[in-house]
Amino acid sequence: MNLAVTNWIFFPILSCLILDLKAAPTLFTLNTNGDVTQATVCKQEGVSNCTLVTMNFQALAPENSEIYVPDIGTLDFEYTDNYDGILNLNYHNENLTTAYITYYALQESIIGTFTLITGETRKLAKCGESCYVFYKVTEKKWTDDDGQLNTKKKKIKEKNNENQKCRRINAEMVDVKAGNKELKTKLEMALQQLEDKDKELNFAKKETKIQEKKVSELQELHGEEIQKNHAMSLNIKRCETELQQSLTANICIQTNNLSTRNEESDDNELQRSKDTIDMIDKEMVDVKTANKELETKLATALQYKEEKDEELKDAMKETEIQEQKISELQELHAKEKQKNHAMSLNIKRCETELQQSLTANICIQTNNLSTR
């Protein structure tokens, strides 16, 4: 196999493996050669091991779920708050080390506090323009190491439980919002289908009215033709009567004047009578044919009207079904809305309890600082 083709196939796979095994991004690197002894922050009481650092702000990108901090270790991202572009980032690890970082991306300004399980505190602070230091805060030893350590572990565990609860509620909220979006889509589709059905129903009604008008016109035309046929039938009967009378008169005349008439004249008169009868018979056939065609058209129009009536009934039934579906969807949407409201209240309560827990932790740390 060609080496270029081999590289083209396997290099993306190897790159993905390298990305998966890539270590967490480092928040900063220690610069031990930098002199920060004159920095104000490094002269504070209780500050030691004050070291210049080079920041890597890209480590705080949203896609990074963990960061590495020198002398601290790897920390997992917990949650964040955003207030007008100021991010409050919270991290922790399995050793119960916690980190609170405040980052203002617009000015690339950052401060951070890192608290170990032993109570030791490390801080990241600004020492000037594009100048940052990482230092240790020296505090008094605990008078009751085991008791305070257990208390701190317990509070951290409670805080982690609250955080997990909040994350679970947030996940449920995401699912509920997705469900609401799906319901909204279904409702919009149902409304669109109902609108289409209404259009079809209106069209069917217009078509039915047109057909009814045509049927009415055909019925009127049929009535007129029936009247004409009746009048023609009367004329035919009258003609037949007159013809019969004429024939009878001719026979009488022929009988009386048989001696004076020749045979050729009688035959001509009889032929004219027969021609008249044939013409009348032909007119009768044409009238009957026209009546039959009208009856066929009328039957077709009535059948078409019945079909349109059935389609109209089906459309009305389909409209009732769609309206029932929409009503059910609206009820389900109202229930989901109530559920969302309840979950929102739970989230607010959870955030309030979490804020109270954080405040209590800050108070405990403040008291610890005063007693150390």
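The rules behind each value
- Residue numbers restart at each chain and count upward from 1, following the sequence in its written direction.
- In view of the model being predicted, local features appear only for residues whose pLDDT reaches at least 70, and side-chain atom pairs are presented and counted only at 80 or more, with totals across whole chains, interfaces and linings using the full set of residues.
- Calculated side-chain values reflect all of the structure's heavy atoms, with hydrogen atoms and water omitted.
- Patch membership needs two things, relative accessible area over 30% and no salt bridge, and members are linked within 9 Å if like-charged or within 5 Å if nonpolar (Val, Leu, Ile, Met, Phe, Trp, Tyr).
- The accessible surface values rely on the Shrake-Rupley method and a 1.4 Å probe; as for residues, cover is taken only from the protein chains in view.
- A carboxyl oxygen of Asp or Glu within 4 Å of a side-chain nitrogen of Lys or Arg is what we treat as a salt bridge.
- In this tally, Asp and Glu contribute negative charge and Lys and Arg positive charge; neither His nor the terminal groups of the chain are included.
- The atom standing in for a charge is NZ when the residue is Lys, CZ when it is Arg, CG when it is Asp and CD when it is Glu.
- Strands here are runs of E lasting at least two residues and helices are runs of H or I lasting at least four, both read from the DSSP assignment and numbered beginning at the N terminus.
- A 1.4 Å probe rolled over the protein chains alone gives each residue an accessible area, and that area as a share of the maximum for its type sets the label: buried under 20%, exposed over 50%, partly exposed in between.
- Within 6.5 Å between ring centres, the rings of Phe, Tyr and Trp (the latter by its six-membered ring) count as paired, and their orientation is classed by plane angle as stacked under 30 degrees, edge-to-face over 60, tilted in between.
- By convention a nonpolar core is built from buried Ala, Val, Leu, Ile, Met, Phe, Trp, Tyr and Cys residues, the set being connected through side-chain atoms within 4.5 Å.
- Whether two residues are in contact is decided by their heavy atoms, any of which lying within 4.5 Å being enough.

A separate point is a negative patch on the surface. A contiguous patch of negative charge, built from Asp 196, Asp 198, Glu 320 and Glu 323, is present on the exposed surface. Counting residues per element, the ones that place at least two in the negative patch are helix H2 (145-256) and helix H3 (263-371). As for its position among the elements, Asp 196 is in helix H2. Residue Asp 196 is classed as partly exposed on the basis of its relative accessible area, which comes to 31%.

Here the focus is the packing of aromatic side chains. As enumerated under the stated definition, the model contains five aromatic pairs in all. Measuring from ring centre to ring centre gives 6.2 Å for Phe 57 and Tyr 132, while their planes differ by 75 degrees; the resulting arrangement is edge-to-face. In this pair, Phe 57 sits in the loop between strand E2 (47-55) and strand E3 (66-69) while Tyr 132 sits in strand E9 (residues 131-137), placing the two residues 75 residues apart along the sequence. Residue Phe 57 shares its accessibility class with Tyr 132, and that shared class is buried. Each residue in the set Phe 28, Phe 114 and Phe 134 is aromatic and connected to the rest through ring pairs, giving one cluster.

Okay, the environment of Gly 119 next. Within the fold, Gly 119 resides in the loop between strand E7 (109-115) and strand E8 (121-128). For Gly 119 and Asn 368, which are 249 residues apart along the polypeptide, the C-alpha to C-alpha distance reads 9.0 Å.

Our focus in this paragraph is the nonpolar core. Leu 27, Met 55, Ile 110, Phe 114 and Leu 124 are the most contacted members of the largest nonpolar core, which totals 22 residues. For this core, the secondary structure elements donating two or more residues are E2, E3, strand E5 (86-92), strand E6 (98-104), E7 and E9. It is E6 that provides the largest number of residues to this core, a total of three residues. Apart from residues no more than four positions distant in its own chain, Leu 124 is found in contact with Leu 27, Phe 28, Val 53, Met 55, Ile 110, Ile 111, Gly 112, Phe 114, Tyr 132, Val 133 and Phe 134. Membership of the second largest hydrophobic core comes to 11 residues, among which are Val 36, Cys 42, Tyr 135 and Val 137.

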